[in-house]
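Observations on the three-dimensional arrangement
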Amino acid sequence: MAITADQLQQLIERLKPAETIKHFTHCPARFDGTRTKQAVEDFLATANFYKVTEKITDERTPWNSITPPRYGVYLVDRRALRQEFAPTPPAYQIYLDVFATKQDQRTSTGLFVSQKRALLAQVEPADTESRQLDMVYGLLKWNIRSRVPRKMLHKFTQLLAAANEIEMQAQIRNIERDTSATKLPPVGKDRGIFLQRHHPKITR
């Protein structure tokens, strides 16, 4: 029995799988109320990734479907969630945390500066880069400050470039000193034992 083009189109439409409407109840992320910045940001990042990949456009009930009911529907607002579970410390507390530790000899300047800048980034309104430099510079180890005057610095990139050069030179000197401390013994049995122990690929 012949069918018309319209009937064929209707049949095709019926055979198409029904479109599944995704919403946040399917999201694998669950927020348990841990009051740390890392926990809050990890949860928000996972939920946001799910929203983008699943093309969820209805934001009326995203968070209360993946957070315990006792936390309330107001958690629909990311800012409210951050404020409730990982509020930004007051400026004076942030500054206390910044000045609580100085750079030790084992911590690279790059790591130390990034840690302090992460703290300072929480201050509102934000300090100027010059002001942040003033605060962080005074916490640097002496061998950096003695070789990189503050008046020569206008940006953190300048500080990091200079400090990296100084630290690289220090590493090279340490390698050279270690190398000179392991001089080859005179030719003979002792030298053979030395080579086998420290340079097994070298043949006598």
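Residues numbered from 1 in each chain as written. Predicted model: local features only at pLDDT ≥ 70, side-chain atom pairs only at ≥ 80, totals over all residues. Heavy atoms only, no water.

1. As for the overall build of the protein
For the protein, the helix and strand inventory stands at nine helices and zero strands. Written out in order from the N terminus, the α and β elements of the protein read α-α-α-α-α-α-α-α-α. Sorting the 204 residues of the protein into buried and exposed places 26% on the buried side. Sequence-distant contacts, at least 24 apart, represent 49% of the contacts inside the protein between residues at least 6 apart. (Helix = DSSP H or I, 4+ residues; strand = E, 2+ residues; numbered from the N terminus. Buried < 20%, exposed > 50% of the residue type's maximum accessible area, 1.4 Å probe, protein only. Contact = heavy atoms within 4.5 Å.)

2. What to know about the pattern of salt bridges
The tally for this structure, following the rule as stated, stands at four salt bridges. Linking R150 and D134 is a salt bridge whose minimum nitrogen-to-oxygen distance equals 2.9 Å. In this pair, R150 sits in the loop between α7 (142-145) and α8 (156-181) while D134 sits in helix α6 (residues 129-137), placing the two residues 16 residues apart along the sequence. For D134, a relative accessible area of 47% corresponds to the partly exposed category. (Salt bridge = Lys/Arg side-chain N within 4 Å of Asp/Glu carboxyl O.)

3. Remarks on the packing of helix α5 (residues 109-120) against α6
The geometry of α5 relative to α6 is characterised by a closest axis approach of 11 Å and an angle of 125° between their N-to-C directions. In terms of axis orientation, α5 runs oblique to α6. Relative to α6, α5 is oriented so that their crossing is right-handed. The segment α5 lies against α6, with F112, V113, K116, R117 and L120 engaging E129, Q132, M135 and V136. Of the residues in the contact of α5 with α6, the class split is five nonpolar, one polar and three charged. (Axes fitted to C-alpha atoms, helices over the stretch in contact; angles between N-to-C directions. Parallel < 35°, antiparallel > 145°, perpendicular 65-115°, else oblique. Left-handed = near helix turned anticlockwise from the far one by under 90°. Nonpolar A, V, L, I, M, F, W, Y, C, P; charged D, E, K, R; others polar.)

4. A few points about the environment of Q103
Assignment of secondary structure puts Q103 in the loop between α4 (91-99) and α5. Sequence separation between Q103 and V136 is 33 residues, and the spatial gap between their C-alpha atoms is 9.6 Å. The contact partners of Q103, leaving out residues within four places of it in the chain, are S108, T109, F112, L139, L140, K141 and E167. A distance of 2.9 Å separates the side chain of Q103 from the backbone oxygen of T107, its partner in a polar contact. Within the local environment of Q103, its side chain forms a polar contact with the backbone nitrogen of K141, the two atoms lying 3.1 Å apart. (Polar contact = N/O pair within 3.5 Å; in protein donor to acceptor, adjacent residues only side chain to side chain.)

5. Details of the environment of K141
In this structure, K141 sits in the loop between α6 and α7. Between the alpha carbons of K141 and T107 there is a distance of 9.4 Å; along the sequence they are 34 residues apart. The contact partners of K141, leaving out residues within four places of it in the chain, are Q103, D104, Q105, T107, T109 and E167.

6. Quick notes on unusual backbone geometry
Following E124, the chain continues into P125 via a peptide bond in cis, with omega recorded as -5°. Tracing the sequence through the fold places P125 in the loop between α5 and α6.

7. Re the packing of α4 against α5
At a closest axis distance of 9 Å, the pairing of α4 and α5 adopts a crossing angle of 170°. Comparing their axes, α5 and α4 come out roughly antiparallel. Contacts from I94, Y95, D97 and V98 of α4 reach α5 at K116, L119 and L120. Taken together, the residues of the contact of α4 with α5 break down into five nonpolar, no polar and two charged.

8. Here's the deal with the nonpolar core
Grouped together as the largest cluster of nonpolar side chains are 20 residues, with contacts concentrated most on V113, L120, V136, L140, I144, F156 and L159. Put simply, the parts of the chain that give this core at least two residues each are α4, α5, α6 and α8. Ranked by size, the runner-up nonpolar core spans 10 residues in total, among them C27, V40, L44 and F85. (Core = buried A, V, L, I, M, F, W, Y, C linked by side-chain atoms within 4.5 Å.)

9. With respect to the side chain of T107
Along the chain, T107 falls in the loop between α4 and α5. At 2.7 Å, the side chain of T107 forms a polar contact with the side chain of D104. Ignoring sequence-local partners within four residues, the contact set of T107 consists of F112 and K141.

10. Brief notes about the side chain of Q132
Within the secondary structure layout, Q132 lies in helix α6. With near-sequence residues (within four places) excluded, Q132 lies in contact with R117, L120, D127 and F156.

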